[in-house]
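Observations on the three-dimensional arrangement
Okay, here's what each chain looks like letter by letter:
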Amino acid sequence: MKHLIAPSILAADFGNLAKDIEMVNQSRADYLHVDIMDGRFVPNISFGMDIVKVMNKHCEKPLDVHLMIVEPEKYIEAFREAGAEIITVHYEACPHLHRTLQQIKATGAKAGVALNPHTPVSVLDDVLENVDLVCIMSVNPGFGGQKFIYRTLHKVEKLYEQIITRNLSTVIEIDGGVGLQNAESLLKAGARVLVAGSSVFKSENPLDTISRMKDIGKDTLMV
Ligand code: DX5
Ligand code: ZN
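Computed from a predicted structure; not experimentally measured.

Before going further, it helps to examine the site of ligand 1. Around ligand 1, the structure places 20 residues, and the nearest of them are D35, G142, D175, G197 and S198. One nitrogen or oxygen atom from the main chain of G177 is found 2.8 Å from an oxygen atom belonging to ligand 1. A distance of 2.4 Å separates an oxygen atom of ligand 1 from a polar atom in the side chain of S198. A total of 380 Å² of accessible area belongs to ligand 1 in isolation, and the protein chains cover 99% of it. Among the elements that make up the shell around ligand 1, the one with the highest residue count is strand β2 (residues 32-37) (three residues).

Right, let's get into the coordination of the zinc ion (ligand 2). Donor atoms from the polypeptide that coordinate the zinc ion (ligand 2) comprise H33 (NE2), D35 (OD), H66 (ND1) and D175 (OD), at 2.1 to 2.3 Å from the metal. In this structure, the zinc ion (ligand 2) is surrounded by six donor atoms whose angles at the metal cover 71 to 172°, and the resulting shape is octahedral. Within one chain, the residues donating to the zinc ion (ligand 2) are spaced in sequence as H-x1-D-x30-H-x108-D. Here D35, found in strand β2, pairs with D175, found in strand β7 (residues 171-175); they are 140 residues apart in sequence, far enough to count as distant.

Right, let's get into unusual backbone geometry. In the Ramachandran plot, E71 falls in the positive-phi region, its phi being about 45° despite a non-glycine side chain. The residue E71 is located in the loop between β3 (63-68) and α3 (76-82) in this model. Its relative accessible area of 35% is what places E71 among the partly exposed residues. With a phi angle near 55°, N167 is a residue other than glycine that sits in the positive phi range. Residue position: N167 is located in the loop between α5 (152-165) and β7.

Read from one edge to the other, the open sheet built from eight strands follows the order β1-β8-β7-β6-β5-β4-β3-β2, with strand pairing classed as parallel. Each edge of the open sheet is held by one strand with a lone partner, namely β1 (4-7) and β2. Averaged over all neighbouring strand pairs, the angle between strand axes comes to 25°, with direction disregarded. As paired strands, β1 and strand β8 (residues 193-196) are joined by four bridges and run parallel to one another. The residue of β8 that forms the bridge with L4 is V193. Contacts from helix α8 (residues 206-215) reach β1 and β8, with the element oriented near 150° to β1.

Further remarks concern the environment of A109. Its location among the elements puts A109 in the loop between α4 (97-106) and β5 (110-115). Sequence spacing of A109 and E71 is 38 residues, and the spatial spacing of their C-alpha atoms is 18 Å. Ignoring any residue separated from it by four or fewer positions in sequence, one finds A109 in contact with R80, A84, E85, I87 and I104.

Here P72 shows up in the loop between β3 and α3. Classification of P72 by relative accessible area gives buried; the value is 0%. Residues P72 and T88, spaced 16 residues apart in sequence, show a C-alpha to C-alpha distance of 9.3 Å. Residues within four places of P72 in sequence aside, it is in contact with L67, V89, A93 and C94.

In this section: the packing of aromatic side chains. For the structure shown, the criterion picks out one aromatic pair. Aromatic pair F14 and F47: ring centres 5.8 Å apart, planes at 65°, arrangement edge-to-face. Taken together, the residues F14 in the loop between β1 and α1 (17-26) and F47 in the loop between β2 and α2 (49-58) connect sequence positions 33 residues apart. Judged by relative accessible area, F47 falls into the buried class, the value being 11%.

Definitions and cut-offs
Numbering of residues starts from 1 in every chain and runs along the sequence as written. Throughout, the order in which chains and ligands are written sets their labels, letters from A for the former and numbers from 1 for the latter. Given that this is a predicted model, residues contribute local features only at a pLDDT of at least 70 and side-chain atom pairs are listed and counted only at 80 or more, while totals for whole chains, interfaces and linings are drawn from all residues. Calculated side-chain values reflect all of the structure's heavy atoms, with hydrogen atoms and water omitted. Residue proximity to a molecule or strand is established when one non-hydrogen atom of the residue lies within 4 Å of it. Throughout this description, a polar contact denotes any pair of N or O atoms lying within 3.5 Å of each other; where both atoms belong to protein, one of them has to be capable of donating a hydrogen while the other can accept it, and for residues adjacent in sequence the pair is counted only when both atoms sit in side chains. Computed with a 1.4 Å probe, the accessible areas rest on the Shrake-Rupley method; for each residue, only the protein chains presented here act as cover. Secondary structure counts use DSSP, requiring at least four H or I residues in a row for a helix and at least two E residues in a row for a strand, with both numbered from the N terminus. Atoms of type N, O and S within 2.8 Å of a metal are treated as its donors, and for Na, K and Ca the window is 3.2 Å; water is not considered, so some sites may appear to be missing partners. Geometry assignment treats four donors as tetrahedral when all angles are between 85 and 135 degrees, treats four as square planar and six as octahedral when opposite donors are over 155 degrees apart and all others between 65 and 115, and treats everything else as irregular. Note on classification: 1.4 Å probe, protein chains only; a residue is buried when its accessible area is under 20% of the maximum for its type, exposed when over 50%, partly exposed between these limits. We call two strands paired when DSSP finds no fewer than two bridges between them. Angles here are taken between N-to-C directions and fall from 0 to 180 degrees, while the axes themselves are lines fitted to C-alpha atoms, restricted in helices to the stretch in contact. Whether two residues are in contact is decided by their heavy atoms: any pair within 4.5 Å suffices. Put simply, two rings from Phe, Tyr or Trp (the six-membered ring, in Trp's case) pair if the centres are within 6.5 Å, and we call them stacked under 30 degrees between planes, edge-to-face over 60, tilted for the rest.

Following this line, the structure appears as structure tokens:
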């Protein structure tokens with residue numbers, strides 16, 4: 001199956017958000033990845049649902065909302081109303097993950113779970129059937145522009161094997177330090193959605209970078 005590209009708006013120019021979103025509209029990107037940080041789950045604060053609402057107004061692509069917040073269950077409906085198509089919560093922030101996933105699905109959004117670099121994929125064994133998307137964090141969440149943690153490649157492989165063995169439709173997203181240099185190996189390992197912040201927005205020609213990322217593996221991969 002063809003892979004998907006999700007530029008992360010965290011790396012955009014916040015003084016020209018509408019312009020950067022328009023670039024994403026014109027591009028071959030599939031989603032807009034939106035990082036929500038609360039200064040508690042992660043040591044950084046980004047923005048809240050009012051900004052997401054504005055992004056949704058300008059953006060023609062589905063919003064892939066990544067909640068790096070404690071007690072995400074308090075805000076799921078609000079982010080759905082703001083325009084989220086996919087809502088991803090962190091495993092580490094959800095003592096009642098099964099319930100939280102049902103809550104996301106009840107809003108009509110797709111339900112995602114993100115795993116920090118230190119969290120093994122096996123923690124999802126008993127809920128995988130209920131998960132539309134697993135976001136493997138390949139950096140410690142909180143900041144854009146960090147270095148890809150190589151070990152996470154094995155997590156993608158391991159999870160992909162589970163998904164295939166159990167014949168599930170769960171897709172694997174990889175988030176952090178992703179760019180043209182490692183995209184092909186990530187796709188080979190089983191990733192289906194590539195989140196790319198700095199590698200897109202800080203590149204000379206973001207439109208072209210997205211396009212090249214989209215074409216990666218088109219001759220070599222059977223996906
Ligand atoms: C990190 C965020 C990422 C980030 C990726 O906490 O979840 O989505 O924006 O940025 P890059 O691609 O620059 O690592
Ligand atoms: Zn993210």
